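Summary of the model geometry
Residue-level listing of the chains:
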Amino acid sequence: MSERSAEQTFIAQIRRGDSEAWREFIAQYEGRVTAFVRRRLGASSAVDDVVQETFIGFLLSVPNYDASRGLETYLFSIASHKLTDHLRRQGRRPT
């Protein structure tokens, strides 16, 4: 099974509400998303909040997920937007 095909199967399971697939998705990507956010925020206590907002944003937008985009690319674009939102709320600009 190709990586793209595996991603599509994963998305289909999450769309159907498969809680095991959702847990597996979080386990697979949480560390990378956390590292991505931490590199931009440092040791801020907001890291966990932004990561959680990223996964919630993904879950809410999964019905609109465009299969032509890579899953990881899609997730990290959500994380980037959540970081920007967080920094704007604090009056800071993203770097």
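Being a predicted model, the structure only gives us computed values, none of them experimental. The residue numbering used here restarts from 1 in each chain and proceeds along that chain's sequence as written. At least 70 in pLDDT is required for a residue's local features to be given in this predicted model, at least 80 for side-chain atom pairs to be given and counted, and no such filter applies to totals for whole chains, interfaces and linings, which use all residues. With hydrogens and water stripped out, all remaining heavy atoms of the structure feed into the side-chain values.

**With respect to the side chain of H86**
- Comment: elements are numbered from the N terminus, with helices defined as DSSP H or I runs of at least four residues and strands as E runs of at least two. You can see H86 is positioned in helix α4 (residues 71-89).
- In what follows, residue pairs with any heavy atoms lying within 4.5 Å of each other are defined as contacts. Those residues in contact with H86, other than ones at most four positions away along the chain, are L41, A46 and V50.

**Section: the confidence of the model for the protein chain**
- You can read pLDDT as the predictor saying how much it trusts each residue, on a scale of 0 to 100. On average, residues of the protein chain carry a pLDDT of 89, and 93% of them reach 70 or more.
- Confidence, read as mean pLDDT per element, is least for helix α1 (residues 3-15) in the protein chain (84) and greatest for helix α3 (residues 47-61) (96).

**Regarding α3**
- Here α3 contains 15 residues, and its C-alpha end-to-end distance of 21 Å stays within 8% of the 21 Å for a straight helix at 1.5 Å per residue.
- Listed as buried for α3 are V47, V50, V51, T54, F55, G57, F58 and S61. All buried residues of α3 project into a common sector of 160 degrees when viewed along the axis, lining one side. When the buried face of α3 is taken as reference, the exposed residues oriented beyond 90 degrees from it are D48 and L60. Residue count minus one, scaled by 1.5 Å, sets the expected span of a helix. Accessible area is worked out with a 1.4 Å probe on protein chains only. A residue is then buried under 20% of its type maximum, exposed over 50%, and partly exposed in between. Here the arc refers to the directions that run from the helix axis out to each C-beta atom.

**Some remarks on the packing of α3 against α4**
- For the pair α3 and α4, the least separation of the axes is 9 Å and the interaxial angle reads 125 degrees. With respect to α4, the element α3 is oriented oblique. Crossing geometry of α3 relative to α4 is assigned as right-handed. Here V50, E53, T54, F55, G57, F58 and S61 of α3 come into contact with α4, specifically with L71, Y74, L75, I78, A79, K82, L83, H86 and R89.
- Under this grouping Gly is polar, as are all residues other than the nonpolar Ala, Val, Leu, Ile, Met, Phe, Trp, Tyr, Cys and Pro and the charged Asp, Glu, Lys and Arg. Here the residues of the contact of α3 with α4 sort into nine nonpolar, four polar and three charged. To get an axis, a line is fitted to the C-alpha atoms, and for a helix only the part in contact is used. The angle between two axes follows their N-to-C directions and goes from 0 to 180 degrees. For classification purposes, angles smaller than 35 degrees are called roughly parallel, those larger than 145 roughly antiparallel, those between 65 and 115 roughly perpendicular, and all remaining angles oblique. Definitions for this section: a left-handed crossing has its near helix turned counterclockwise from the far helix by less than a right angle. A right-handed crossing has that turn clockwise.

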